[in-house]
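So the chains spell out like this:
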Amino acid sequence: MLNESQIKYKKSTHRTQSPEDTLHDIEKITKDIGLTRTSNITHLDRIKIPVFTSVRPMAEEGAVSVYAGKGPNETHAKVSSIMEAIERYSAEIQDSDKFINQKYNPETSLDPESLILPKDIYHDDTLEWTKGYSIKTGAEILIPANAVYHPYNSSDVKHLFYSNTNGLASGNTIEEAIFHGMMEVIERDAWSLFEAFRKVKPEIICDNTQNEYIQELLKKFSDANVSIKLIDLTSDNQIPTIGAVSEDLTLKDPALLTLGIGTHLDPTIAAIRAITEVAQSRATQIHGTREDTTRANLLRNAGYDRMKRLNKHWFMQSDKQINLEDMPNMSHDTFRENIEFTMKQLEKSDVNDAYYVDLTRDIKIPVVRVIIPGMELYSVDTMRIGERLRPENGFY
């Protein structure tokens, strides 16, 4: 049974306590997870939106070891970076983890087919399973370990797909972590639909927003001569998802054609997440320390104009505009209410239940992996194409 978990901080995200209090708690355990350094790299980009990186050299093979965090202020960005490191540490298989090796049992287990398997991958072999819970009912259920842990390097059983971090989230309480994990899965689903169908979406206008953070963030982009456009990517479940795309009008660098996505029941929070994620992507590309920044070289070789053409669905002008202030705020005062409301909205996407695995480790920072069967993740793994992206729906 989920607890209420009162939301006490709502300025730039929704949390049960302020970023300052969270930072006080998590700074005590950074050495325990192998974190050697947390650095402020804000100064590397002339936009000056706070971005931090944390380094964990002993990360498992197959995982990144540098974790970026962003936010409208330095404390928020530092917390974001360290919390990502905590999430990644918690998602690695540890000696205390227990698995059940068996074939799929429909009476006790989540159907692997519901996870959207790559083509020609079958689940009739022995798999590793771990204990999870229904978000809707609280009932226990076995979930394929391949969908929970990252990196998933087990050599004893069949792998269903490449592991990823979709739905991996941390929080000050387990309910907080579950809610944010749900938002990430919904975000990736909406993003996948946009990338697959490439339909023109409404542009979001922020001219009349009263949110000071959004005003300040957009002004920093404008002052640096970097354009940024917000797009409404909200799908059939009506949970606000906002995409942001920017281009550096001074440098014309294809590696700085950066994107950001944010999903939240409060659209202003979704917008803040999308905008600051663009800033994070810029700073990490400039910094060049994350392992995935090698793509920047490929982008530069492709050229600025070609990269814009390849991603024209992000830059196309829309005939429809939406004021951010007109998008409804559907958030509630507790995380349990937000989770229950989100579950009802997911019914519009033909989702009947969602699940979580508690990955909280001995460092006592709540971490979960959220799994929502049927939610698309083409934006994460192009080999996994679900029912909503089938050819009859217009995607080939």
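All figures in this text were calculated on a predicted structure; none of them were measured in a lab.

Conventions used here
Residues numbered from 1 in each chain as written. Predicted model: local features only at pLDDT ≥ 70, side-chain atom pairs only at ≥ 80, totals over all residues. Heavy atoms only, no water. Phe/Tyr/Trp six-rings, centres within 6.5 Å; stacked < 30°, edge-to-face > 60°. Helix = DSSP H or I, 4+ residues; strand = E, 2+ residues; numbered from the N terminus. Buried < 20%, exposed > 50% of the residue type's maximum accessible area, 1.4 Å probe, protein only. Lys NZ or Arg CZ within 6 Å of the ring centre and 35° of its normal. Salt bridge = Lys/Arg side-chain N within 4 Å of Asp/Glu carboxyl O. 1 Å grid on protein atoms, 1.4 Å probe; cavity = no way out; pocket = protein on both sides within 12 Å on 5 of 7 lines; lining within 4 Å. Points joined across faces, edges and corners; volume = space filled by probe spheres on them. Nonpolar A, V, L, I, M, F, W, Y, C, P; charged D, E, K, R; others polar. Expected span 1.5 Å × (residues − 1).

Our focus in this paragraph is the packing of aromatic side chains. Using the criterion set out here, one finds 5 aromatic pairs in the structure. Between the aromatic rings of F99 and Y149, the centroid separation amounts to 5.4 Å while the plane-to-plane angle is 80 degrees, which identifies the pairing as edge-to-face. Of this pair, F99 sits in the loop between α2 (74–91) and β4 (100–102) while Y149 is found in the loop between β6 (140–144) and β7 (168–170), placing the two residues 50 residues apart along the sequence. The class for F99 is partly exposed, based on a relative accessible area of 25%. Ring centres of F179 and F335 lie 5.6 Å apart, and the angle between their planes is 50 degrees; this geometry places the pair in the tilted category. Here the residue F179 occupies a position in helix α3 (residues 174–197), and F335 occupies one in helix α9 (residues 335–346), the gap between them amounting to 156 residues. Across the pair, F335 and F179 agree in class, each one buried. Lying over the aromatic face of F197, K199 brings its terminal NZ or CZ to 5.8 Å of the ring centre. Above the plane of the ring of F315 lies K308, whose end atom (NZ or CZ) is 5.0 Å from the centre.

Moving on, we come to the pattern of salt bridges. Between side chains of opposite charge, a pair can form as their charged atoms come close. Within the structure shown, the criterion is met by 19 salt bridges. Across the pair R388 and D189 runs a salt bridge whose closest N-O atoms are separated by 2.7 Å. Here the residue R388 occupies a position in the segment after β14 (367–371), and D189 occupies one in helix α3, the gap between them amounting to 199 residues. Like D189, R388 is buried. Linked through salt bridges whose partners overlap, the residues forming this network are D45, R46, D248 and R282.

The next point concerns the layout of surface pockets. Quantified by volume, the second largest pocket comes out at close to 540 Å³. Lining the second largest pocket are 25 residues, and of these E113, S114, I116, G374 and E387 sit closest to its centre. Considering only residue class, the lining of the second largest pocket consists of 11 nonpolar, 5 polar and 9 charged.

Our next topic: helix α5 (residues 267–287). In an α-helix there are 3.6 residues to a turn, and that puts residues three or four apart on one side. For α5, spanning 21 residues, the distance from its first C-alpha to its last is 30 Å, which sits close to the expected 30 Å at 1.5 Å a residue. Here α5 lies mainly inside the structure; 17 of its 21 residues are buried. At the C-terminal side of α5, G288 shows a positive phi close to 75 degrees.

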